Structure formats: C-alpha cells, structure tokens
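# Descriptive structure summary
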Amino acid sequence: VPPPATLPAPGLCCGTNSQSLPPQCVLTGRWINDLGSNMTIGAVNGKGDFAGSYHTAVSATTNEIQVSPLQGSQHRTNQKSQPTFGFTVNWSFSDSVTVFTGQCFVDEEGKEVLKTMWLLRSYVDNIKNDWKATRVGINIFTRLQSQK
Ligand code: BTN
C-alpha cells in the first residue's frame, strides 16, 4: 500500500537527519588556552552543571602551581549548539578565586573554541588594598586532541 500523499519521501524531510543539524559545541573534554593552561571538563548533567580540573600555566603568586578544582554551569536553554557557560576555579595553591564566563563556538573550520572572559580575585589583607585585588582578562580555549 503506498503511503498517503501528505507524507514526505523518506529522507527528505524536516531537518531531523544529521546533515541539517548545526554543529554542536560540547564542553566536556580537555582544553588548552592561549596562555598554555590546561583544563578538563567532566560530563554536563541534565541541569547543565559540570565539574573539572584546571592546571594554570601562570600565577599572580610565587606559590608552586597545583591542579585546582573547577565548578561550572552551562545554560540550559542554550543547549542547542553553541552554549553559554560559566565556571569558577577555586585555586588550591593560593587564596584566590577566578570566575570565567564564555560561549562555546564552532568556528569556520569546524573547530570548537571557548571564548571566555575572567575575573581573578586575589586575597588582600586590608580593605585599603581592595582596589588592586581584581584582575580581568580574556582566554581562548581550543580542544586538546586525544593522543592515540
Ligand atoms: C593565582 O595566581 O592566585 C591563581 C592562578 C590564576 C591563574 C590565572 S586565572 C586567569 C588566567 N588564565 C589562566 O589560565 N591563568 C590565569
């Protein structure tokens, strides 16, 4: 029995096949930024929450750098293809905290890139020094290719 005339021909409809989906930018994985810092982001759960670790290449302190934990959140309504996100790194080797916010893009070559801005809050021992306690900057992360 032929299908009703209102049904489309198989494979020609409705944007449900993989060819018509926009390229997906996925936060989970290993990333390196323009300073040479590395981070690993774990699975993003159903609420958009994720955890990971950060190995900075540089520090505002003279302390020995150690891998530090990060906690983040991806925007739920932006899960389509290029989500916005934020995460906090609670530095394990200093009294500082950095917050990052950004968006996960797929560039013109199909490569994923995280465009972020950050605020680094350093500890100061007196309120009079508050004015010099915050640094701001940008970081661009690209995915570290897995070694095989
Ligand atoms: C500290 O200096 O107290 C902790 C390390 C801060 C590293 C900063 S966070 C923003 C920038 N991006 C990086 O990958 N590292 C630096």
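Under an unreviewed UniProt entry, the name given to the protein chain is Avidin, and the source organism is Fregetta grallaria. Recorded in UniProt under Subunit (unreviewed entry), the annotation for the protein chain is "Homotetramer." Regarding the protein chain, the UniProt comment filed under Sequence similarities (unreviewed entry) reads as follows: "Belongs to the avidin/streptavidin family."

Let us now look at the pairing of strand β6 (residues 97–106). Side chains Thr98, Phe100, Gly102, Cys104 and Val106 of β6 all project onto a buried face; the interleaved residues Val97, Val99, Thr101, Gln103 and Phe105 project onto a face where none is buried. Across 7 bridges, the pairing between strand β5 (residues 84–90) and β6 is antiparallel. The residue bridging phenylalanine 87 from the neighbouring strand is phenylalanine 100, located in β6. Counted along the chain from β5 to the antiparallel partner β6, the turn is 6 residues long. Across 10 bridges, the pairing between β6 and strand β7 (residues 112–121) is antiparallel. Within β7, the residue paired with threonine 98 across the bridge is leucine 120.

Below, the discussion takes up the environment of methionine 117. Mapped onto the fold, methionine 117 is located in strand β7. In this structure methionine 117 comes out as partly exposed when scored by relative accessible area, which is 44%. In this structure, methionine 117 is in contact with Val99, Phe100, Thr101, Val136, Gly137 and Ile138, ignoring residues within four places of it in sequence.

By definition, a disulfide links two cysteine residues through a covalent bond between their sulfur atoms. Applying the stated criterion across every chain yields a total of 1 disulfide. Each sulfur of the disulfide joining cysteine 25 and cysteine 104 lies 1.8 Å from the other. Across the disulfide from cysteine 25 to cysteine 104, rotation about the S-S bond amounts to roughly -80 degrees, and the bridge is consequently left-handed. Of this pair, cysteine 25 sits in the segment before β1 (29–33) while cysteine 104 sits in strand β6, placing them 79 residues apart in sequence. Here the two residues cysteine 25 and cysteine 104 agree in accessibility, since each one is buried.

So, how was this worked out
Residue positions are given per chain, counted from 1 along the sequence in the order it is written. For a predicted model such as this one, the threshold for reporting local features is a pLDDT of at least 70, and the threshold for listing and counting side-chain atom pairs is 80 or more; totals across whole chains, interfaces and linings nevertheless cover every residue. Hydrogens are left out, water is left out, and the side-chain values use all remaining heavy atoms of the structure. UniProt positions are given in the numbering used here, feature names are shortened, and annotations may be inferred rather than shown by experiment. Between buried and exposed lies partly exposed: a residue is buried under 20% and exposed over 50% of the maximum accessible area for its type, with that area taken using a 1.4 Å probe on protein chains only. We count a stretch as a helix when DSSP gives it H or I for four or more residues in a row; a strand needs E for two or more, and each element gets its number in order from the N terminus. Two strands are counted as paired when DSSP detects at least two bridges linking them. Contacts are assigned to residue pairs with any non-hydrogen atoms lying within 4.5 Å of each other. The criterion for a disulfide is a pair of cysteine sulfur atoms lying within 2.5 Å.

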